[in-house]
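Breakdown of the fold
Here is how the chains run, residue by residue.
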Amino acid sequence: MNPHVHDLTQVPWNLPSLGEDEIAEVTDTIRSGWLTHGPKAAALEQAVRDELGVPDAFAVSSCTAALHLALLAAGIGDGDEVISPSLTFCAAPNALRQVGARPVFVDVEPATYNVCPEQAEAAITAATKAMVVMHYGGHPCDLAAFRDLADQHGLLLIEDAAHTLLARRDGLRAGTVGDLAAFSFYANKVITTGEGGMLLGRRDLVQRARLLGRHGIDSSVWQRHSGGRTAGYEVTVPGLKYVMSDLAAAVGLPQWRKLAAFTARRAEIAAAYTGALAGLPGLATPAVLPGVEPGWFLYSIFIDPAHAPLTREESAERLRTEYGIATSQHFRPVHTLQVYSGSATCPLPVTETAAARQLSLPCYPAMTDDQVTQVITAVRALWGC
């Protein structure tokens, strides 16, 4: 073994912050004998409704499930066009394809890498039925502009808030402005249930999604069993099984209570990175626009190979092999993936440039101050500082 190569697990890209509160809640669930969608999932839904002031919320098995249900509940289907960024994970475009809709990819803003409202407006046609806007890395997109755009053109606005649980822009809370919003509680997200998500927004649409997400059955299994009736249900629509289990919700309840602390810690790490890395040649740190309180799911640096001493790929490899620091990339543009090849109908230069230069540094509450310093020291060392 090369003595100069560090332990490759020294600073993982992400680790969930789990403790005795989560263990106690899961233990309580196991002892209760009720493991599937039931009282713990309902409690998590209520916690989200109370915190965000949204009309309704439905705890589901993943953010992808939330996005799929959002489209189904809104009646988005064959031949409908839906505006979406290409600089995103494939979940939202996949959900669009599953309902027969066509994603219309538009470019992002160079400062925040969020969907550009002007680009979105230019892409609206008579076939456009909705917009799916993602809050890249936890920096909210222009919520007011997209709400106005949706209202002006009679479009459904769906927030893909997988990166954003506690973030605001111009006083508007991410996840509360769209007709519907989808949260992710995946293992590496701001809070986790292991696998899981939440659909929230307009009561009529969330109620429709709730029906569709429990096989189209007119009452939940918890409602039937707690009421003493195990049969006596009706299937009113052909649905799917997308509910969150109480085991997952048991992890999520204490996680939700820690959301503010988690977000504050992420902001501390981001501030330390920006203070130490800003100004390095060919390295751009994330922008935060005026009036924005980001959620900092990602801390993305952007490496310009024309001015930096290393490429993005060289930087990632040397951070891993020489310093034991894992990184990630967000994202490969959807329109460049095999199944979506040729789907871009207009140039996406900002998307493609960002995807070629972006590198995500570790930024999560479980990081110690020493690990944060280790990342800073390593990046600066690669830049000869």
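Anything mentioned here points back to the structure above.
First, a word on what this report is: a plain description of the structure on this page. Residue numbers restart at each chain and count upward from 1, following the sequence in its written direction. Whole-chain, interface and lining totals are the exception, using all residues; otherwise, since this is a predicted model, local features are given only for residues with pLDDT of at least 70 and side-chain atom pairs are given and counted only at 80 or more. Values shown for side chains rest on all heavy atoms present in the structure; no hydrogens or waters enter the calculation.

Some thoughts on the overall build of the chain
Broken down by element type, the chain carries 13 helices and 13 strands. In terms of C-alpha radius of gyration, the chain reaches 21 Å, essentially the compact-globule figure of 21 Å for 385 residues. Projected onto its principal axes, the C-alpha positions of the chain cover 70 × 55 × 40 Å. Burial classes: relative accessible area under 20% of the type maximum marks a residue as buried, over 50% as exposed, and values in between as partly exposed (1.4 Å probe, protein chains only). Evaluated residue by residue, the chain yields a buried proportion of 56% over its 385 residues. Sequence separation of at least 24 residues holds for 72% of the intrachain contacts in the chain that already meet a minimum separation of 6. Within the structure as shown, the chain displays about 15700 Å² of accessible surface, and the carbon and sulfur contribution to it stands at 54%. Counting rule applied: Lys, Arg positive; Asp, Glu negative; His and chain ends not counted. Here the site of a charge means atom NZ of a Lys, CZ of an Arg, CG of an Asp or CD of a Glu. Charged side chains of the chain number 29 positive and 39 negative; the gap between the two group centres comes to 5 Å. Numbering of helices and strands starts at the N terminus; helices are DSSP runs of H or I of at least 4 residues and strands are runs of E of at least 2. Only C-alpha atoms enter the radius of gyration, while the globule expectation follows 2.2 Å times N to the 0.38, with N the number of residues. Residue contacts are counted whenever heavy atoms from the two residues lie within 4.5 Å of one another. For the accessible areas, the method is Shrake-Rupley and the probe is 1.4 Å, while residue cover comes only from the protein chains on display.

Some thoughts on the layout of surface pockets
Think of a 1 Å grid over the protein atoms and nothing else: a 1.4 Å probe that fits but is trapped marks a cavity, an open set flanked by protein within 12 Å on at least five of seven lines marks a pocket, and residues with an atom within 4 Å of a point count as lining. Grid points are joined across faces, edges and corners, and a volume is the space filled by probe spheres set on the points. Here the largest pocket is characterised by a volume of approximately 340 Å³. Along the wall of the largest pocket there are 21 residues; nearest its centre are Phe-89, Ala-162, Ser-184, Tyr-186 and Lys-189. When contributions to the lining of the largest pocket are tallied by element, the ones reaching two or more residues are helix H3 (63-73) and helix H4 (91-98). The leading source of residues in the lining of the largest pocket is H3, at three residues. In this classification, the charged set is Asp, Glu, Lys and Arg, the nonpolar set is Ala, Val, Leu, Ile, Met, Phe, Trp, Tyr, Cys and Pro, and all remaining amino acids, among them Gly, are polar. Split into classes, the residues belonging to the lining of the largest pocket amount to 10 nonpolar, eight polar and three charged.

Quick look at empty space enclosed by the protein
Evaluation of the coordinates by the stated rule reveals one cavity of 30 Å³ or more. Roughly 70 Å³ of internal volume is contained in the largest cavity. What lines the largest cavity is a set of 15 residues, among which Leu-15, Pro-16, Ser-17, Lys-189 and Val-190 lie closest to the centre. The residue inventory of the lining of the largest cavity, partitioned by class, reads eight nonpolar, five polar and two charged.

Points about the packing of aromatic side chains
Each aromatic ring pair is described using two quantities: the centre-to-centre distance and the angle formed by the ring planes. Pairing of aromatic side chains requires ring centres within 6.5 Å, counting the rings of Phe and Tyr and the six-membered ring of Trp. Pairs whose planes differ by under 30 degrees are stacked, by over 60 edge-to-face, and all others tilted. Inspection of every chain in the model, using the stated rule, returns seven aromatic pairs. Pairing Phe-105 with Tyr-340 gives two aromatic rings, centres 6.3 Å apart and planes at 80°, and the pair type is edge-to-face. Of this pair, Phe-105 sits in strand S3 (residues 102-106) while Tyr-340 sits in the loop between helix H11 (312-323) and helix H12 (349-357); the two residues are 235 residues apart in sequence, bridging distant segments of the chain. The interplanar angle of 65° and the centroid separation of 5.0 Å between the aromatic rings of Tyr-273 and Tyr-299 together place this pair among those described as edge-to-face. Of the two residues, Tyr-273 is situated in helix H10 (residues 259-277) and Tyr-299 in strand S12 (residues 299-303); the sequence distance between them amounts to 26 residues. Residue classification places Tyr-273 among the buried positions, given a relative accessible area of 0%.

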